[in-house]
Amino acid sequence: MRPLKIAPSILASDFARLGAQVAEATQGGADYIHIDVMDGHFVPNLTLGPVIVRAIRPYSRLPFDVHLMIENPERYVKSFVEAGANRVTVHVEACTHLHRVIDHIHSFNVDAGVAINPATPLVMLEEILAFVQQVNVMTVNPGFGGQVFVIEMLEKIARLRAMIETRQLDVDIEVDGGVDLETAPRCVEAGANVLIAGTSIFAGDGTIGEKIDALRHAAPKTQRAPMARVRSKTKTA
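Everything quoted here is computed from the prediction, not taken from an experiment.

Caption draft 1: Fine view of the environment of Ser-200. By the secondary structure assignment, Ser-200 is in helix α7 (residues 199-202). Of the residues examined, Ser-200 reaches a relative accessible area of 24% and is grouped as partly exposed. Residues Ser-200 and Val-179, 21 residues apart in the sequence, show an inter-C-alpha distance of 7.2 Å. In this structure Ser-200 touches Val-179, Asp-180 and Lys-211, once residues within four positions along its chain are discounted. Among the polar contacts made by the side chain of Ser-200, one reaches the main-chain carbonyl oxygen of Val-179 at a distance of 2.8 Å.

So this is what it looks like as structure tokens:
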């Protein structure tokens, strides 16, 4: 069985207390810390750079899952890995030579992932699935937190899980955008096993740990695993 993982997105955190909130999420039972990086070009917003990742690295022992919503992401992979990223995800829509970018990420001995926007068809992933460790299915249009979940993406998640199982690959499916107590169980039932949540964890009443627990208990505890464990990486020169 594939275990459910919770990845709080610090885009929704209190930036005046960013280090403390990262530490609280770590102590509260998170599996990853999700870091959204936006450049104001690929998406209409500006957020965090490597200097912030470096600043919060001492506050958590967890893997840092860095989501690059930027143009030409290959230019910044090294900087984010050196700052403390353990996983780097790039958008299929932002990479002309996606295989080369994934190879570049792997050259730093970190996991690589691809993200796919709501309107982008899954066919764009067919030739890269065997080379990544995760796929981030955007369930909102990227750029801002607190958006409404695009319900049609549940069927897309299910089709992606079928693609992964058919190919017998070891690939996580992350869901990013509008994940809360209502949508979380539906995402897991569709085939996701990593829930990225911002507003539902960092906003509102209660502690961060309480909200992580509530999200974890709202969803099924596990997701069916693929038929065999096969992980392919590109080779670097």
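Moving on from the coordinates now.
Caption draft 2: Region of the structure containing the packing of helix α5 (residues 153-166) against helix α6 (residues 183-190). Interaxial distance between α5 and α6 falls to 8 Å at its minimum, and their mutual angle equals 30 degrees. Looking at the two axes, α5 sits roughly parallel to α6. Of the residues in α6, those in contact with Leu-154, Ile-157, Ala-158 and Arg-161 of α5 are Arg-186, Cys-187 and Ala-190. Of the residues contributing to the contact of α5 with α6, the split by class is 5 nonpolar, no polar and 2 charged.

Caption draft 3: Looking closely at the pattern of salt bridges. Going through the model one piece at a time under the given rule, you end up with 6 salt bridges. Note that Arg-216 is salt-bridged to Asp-31, the shortest N-O span being 3.2 Å. In this pair, Arg-216 is assigned in helix α8 (residues 208-218) and Asp-31 in the loop between α1 (18-27) and β3 (33-38), connecting sequence segments 185 residues apart. The class of Arg-216 is buried, set by a relative accessible area of 19%. When the shortest N-O distance is used, the salt bridge between Arg-87 and Asp-111 registers 3.7 Å. In this pair, Arg-87 is assigned in strand β5 (residues 87-91) and Asp-111 in strand β6 (residues 111-116), connecting sequence segments 24 residues apart. Both residues of the pair, Arg-87 and Asp-111, belong to the buried class.

Caption draft 4: Quick peek at the side chain of Thr-89. For Thr-89, the position within the fold is in strand β5. What makes Thr-89 buried here is its relative accessible area of 1%. Only 2.7 Å separates the side chain of Thr-89 from the side chain of Gln-134, close enough to count as a polar contact. Non-local contacts of Thr-89, meaning those with residues more than four positions away in its chain, are made with Asp-65, Val-66, His-67, Leu-68, Gly-113, Val-114, Ala-115, Gln-134, Asn-136 and Glu-174.

Caption draft 5: Representation of the sheet that holds strand β2 (residues 5-8). Strand order in this open sheet of 8 strands is β2-β9-β8-β7-β6-β5-β4-β3, and the pairing throughout is parallel. Of all strands in the sheet, those with a lone pairing partner are β2 and β3, marking the two edges. Averaged over all pairs of adjacent strands, the angle between strand axes in this sheet comes to 25 degrees, irrespective of strand direction. Those strands touched by helix α4 (residues 98-106) are β5 and β6, and its axis lies near 145 degrees from that of β6.

Caption draft 6: Representation of the layout of surface pockets. Taken as a whole, the second largest pocket holds about 160 Å³ of empty space. Surrounding the second largest pocket, Val-37, Met-38, Asp-39, His-41, Leu-48, Gly-49, Pro-50, Ile-70, Glu-71, Arg-75, Tyr-76 and Phe-80 form its lining. Classifying every residue of the lining of the second largest pocket by side-chain character gives 7 nonpolar, 2 polar and 3 charged.

Caption draft 7: Examining the packing of aromatic side chains more closely. Taken as a whole and judged by the stated rule, the model has 0 aromatic pairs. The residue whose ring lies beneath Arg-57 is Phe-64, and the NZ or CZ to ring-centre distance is 3.6 Å.

Caption draft 8: Region of the structure containing the nonpolar core. By size, the foremost hydrophobic cluster in this structure holds 66 residues, and its most contacted members are Ile-35, Val-135 and Leu-195. Looking at this core element by element, the count peaks at 5 residues for α5. When near neighbours in sequence (up to four residues on either side) are disregarded, Val-135 contacts Val-114, Ile-116, Leu-125, Leu-129, Leu-160, Val-171, Asp-172, Ile-173 and Glu-174.

Conventions and cut-offs
- Residues take numbers from 1 onward in each chain, read along the sequence in its written order.
- For this predicted model, a pLDDT threshold of at least 70 governs which residues receive local features, and a threshold of 80 or more governs which side-chain atom pairs are given and counted, while totals over whole chains, interfaces and linings are taken from all residues.
- Side-chain numbers come from the whole structure's heavy atoms, not from hydrogens or water.
- To qualify as a helix, a DSSP run of H or I must reach at least 4 residues; to qualify as a strand, a run of E must reach at least 2; elements of each kind are numbered from the N terminus.
- Think of it in three bands: with a 1.4 Å probe and only protein chains considered, a residue is buried below 20% of the maximum accessible area for its type, exposed above 50%, and partly exposed in between.
- Here, residues are in contact when the closest pair of their heavy atoms is within 4.5 Å.
- Polar contact criterion, stated in full: a pair of N or O atoms within 3.5 Å, where within protein one must be able to donate a hydrogen and the other to accept it, and residues adjacent in sequence count only if both atoms are side-chain atoms.
- Lines are fitted to the C-alpha atoms to define the axes, a helix being fitted only along its stretch in contact, and any angle between axes, read from their N-to-C directions, falls within 0 to 180 degrees.
- Angle categories are assigned with fixed cut-offs, so that under 35 degrees is roughly parallel, over 145 is roughly antiparallel, 65 to 115 is roughly perpendicular, and the rest are oblique.
- Amino acids outside the nonpolar list (Ala, Val, Leu, Ile, Met, Phe, Trp, Tyr, Cys, Pro) and the charged list (Asp, Glu, Lys, Arg) are all regarded as polar, and Gly is one of them.
- Criterion for a salt bridge: a side-chain nitrogen of Lys or Arg within 4 Å of a carboxyl oxygen of Asp or Glu.
- Between any two strands, at least two bridges found by DSSP are needed for them to pair.
- Throughout, the protein atoms alone are placed on a 1 Å grid, and a set of points is a cavity if a 1.4 Å probe fits but cannot get out or a pocket if it is open with protein on both sides within 12 Å along at least five of seven lines; lining residues have an atom within 4 Å of a point.
- Grid points are joined across faces, edges and corners, and a volume is the space filled by probe spheres set on the points.
- Classification of ring pairs uses Phe, Tyr and Trp, with its six-membered ring standing for Trp, and accepts pairs whose centres are within 6.5 Å; under 30 degrees between planes counts as stacked, over 60 as edge-to-face, and the remaining range as tilted.
- Geometrically, a charge over a ring is one whose NZ (Lys) or CZ (Arg) sits within 6 Å of the ring centre while staying within 35 degrees of the ring normal.
- Here, the term nonpolar core denotes a set of buried Ala, Val, Leu, Ile, Met, Phe, Trp, Tyr and Cys residues that are joined through side-chain atoms within 4.5 Å.

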